[in-house]
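Secondary and tertiary structure notes
Read off the chains here:
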Amino acid sequence: MTTQQQARTQLQAILDTHRHEAGALLPILHALQDSLGYIPDWTVADIAQALNLSRAEVHGVITFYHHFRTSAPAAHNLQICQAEACQARGSRELTAHAEQALGCSLHGRSSSHDLDLQPVYCLGLCATGPNIMLDDKLVSRVDASRLDRLLHGVKEA
Ligand code: FES
C-alpha cells in the first residue's frame, strides 16, 4: 500500500514532468491514476497550484471524465461491455449473472470487497462479444460459466 508520503513524492514527480506541457492537466491526471490507482482529493489543490488553475477547474475535469476515479480501487476490476453489439450478444444476461455471483450491482463492489464491477461502453472487439476487461486482460465471447472460471482464477492468483 502506498503511504501518503510516497504518494506525495509521486505526485511531485508527475507534476515536475508534465507541468510545462501544453494541456498538461489530462496527462497529469492519467499519470497520477496510473501511479496511485485513483486521484485522491488532497491532490487537487497541488495540481491546481502547479498549473495555475482553480481547484474547481481541476475538480470539474476529474468528475467529467468517467475514466478518473476519486476513491481507492478494489484489488480487482471487472468491466463488462454494455454497448449495443455486446448487448445483442448477451452482455445484459452476463451482467446479471456477474451481479448475482458477486453480490453487488454494476458500479458496485463485490460482497467480498475485492472486486469492482464496472460498465464499459465498447472495447473495440464488437464482433466477438460479449467482451469484458478483467484487470488488464481483455476477454471475448464470455458467457456465465467462463466468467465464473475467470473470477475464480483471479481470486486464486
Ligand atoms: S460493443 Fe462491446 S466491444 Fe464493441
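Residues numbered from 1 in each chain as written. Predicted model: local features only at pLDDT ≥ 70, side-chain atom pairs only at ≥ 80, totals over all residues. Heavy atoms only, no water.

Topic: the overall build of the chain
Looking only at helices and strands, one finds seven helices and four strands in the chain. In sequence order, the secondary structure elements of the chain are arranged as α-α-α-α-β-α-α-β-β-β-α. C-alpha extents for the chain along the principal axes are approximately 50 × 30 × 20 Å. Evaluated residue by residue, the chain yields a buried proportion of 39% over its 157 residues. Intrachain contacts of the chain at a sequence separation of at least 6 include 56% that bridge at least 24 residues. Counting every atom, the chain has about 9,000 Å² of accessible surface; 52% of that belongs to carbon and sulfur. Between the averaged position of the 12 positive side-chain charges in the chain and that of its 16 negative side-chain charges there is a distance of 3 Å. (Helix = DSSP H or I, 4+ residues; strand = E, 2+ residues; numbered from the N terminus. Buried < 20%, exposed > 50% of the residue type's maximum accessible area, 1.4 Å probe, protein only. Contact = heavy atoms within 4.5 Å. Areas by Shrake-Rupley, 256 points an atom, 1.4 Å probe, with all protein chains shown as cover. Lys, Arg positive; Asp, Glu negative; His and termini not counted. Charge placed at Lys NZ, Arg CZ, Asp CG, Glu CD.)

Brief notes about the nonpolar core
Counting residues in each nonpolar core, the largest one holds 20 residues, and the members touching the most others are I28, L29, L32, I47, V58 and I62. Contributions of two or more residues to this core are made by helix 1 (4-18), helix 2 (25-36), helix 3 (43-51) and helix 4 (55-64). The element best represented in this core is helix 2, accounting for six residues. For I62, the contacting residues outside a window of four places in its chain are L29, I39, V44, F68 and T70. Core analysis: the second largest hydrophobic core is formed by 17 residues, C104, L134, V142 and L151 among them. (Core = buried A, V, L, I, M, F, W, Y, C linked by side-chain atoms within 4.5 Å.)

Quick look at the side chain of H76
Looking at the secondary structure, you find H76 in strand 1 (residues 76-81). A distance of 2.8 Å separates the side chain of H76 from the side chain of D135, its partner in a polar contact. (Polar contact = N/O pair within 3.5 Å; in protein donor to acceptor, adjacent residues only side chain to side chain.)

Here's the deal with the pattern of salt bridges
Going through the model one piece at a time under the given rule, you end up with five salt bridges. Residue D16 is joined to R19 by a salt bridge in which the shortest nitrogen-to-oxygen separation is 3.3 Å. In this structure, the salt-bridge partner of D116 is R69, at a minimum N-O distance of 3.3 Å. Linking D116 in strand 2 (residues 115-120) with R69 in the loop between helix 4 and strand 1, this pair joins segments that are 47 residues apart in sequence. (Salt bridge = Lys/Arg side-chain N within 4 Å of Asp/Glu carboxyl O.)

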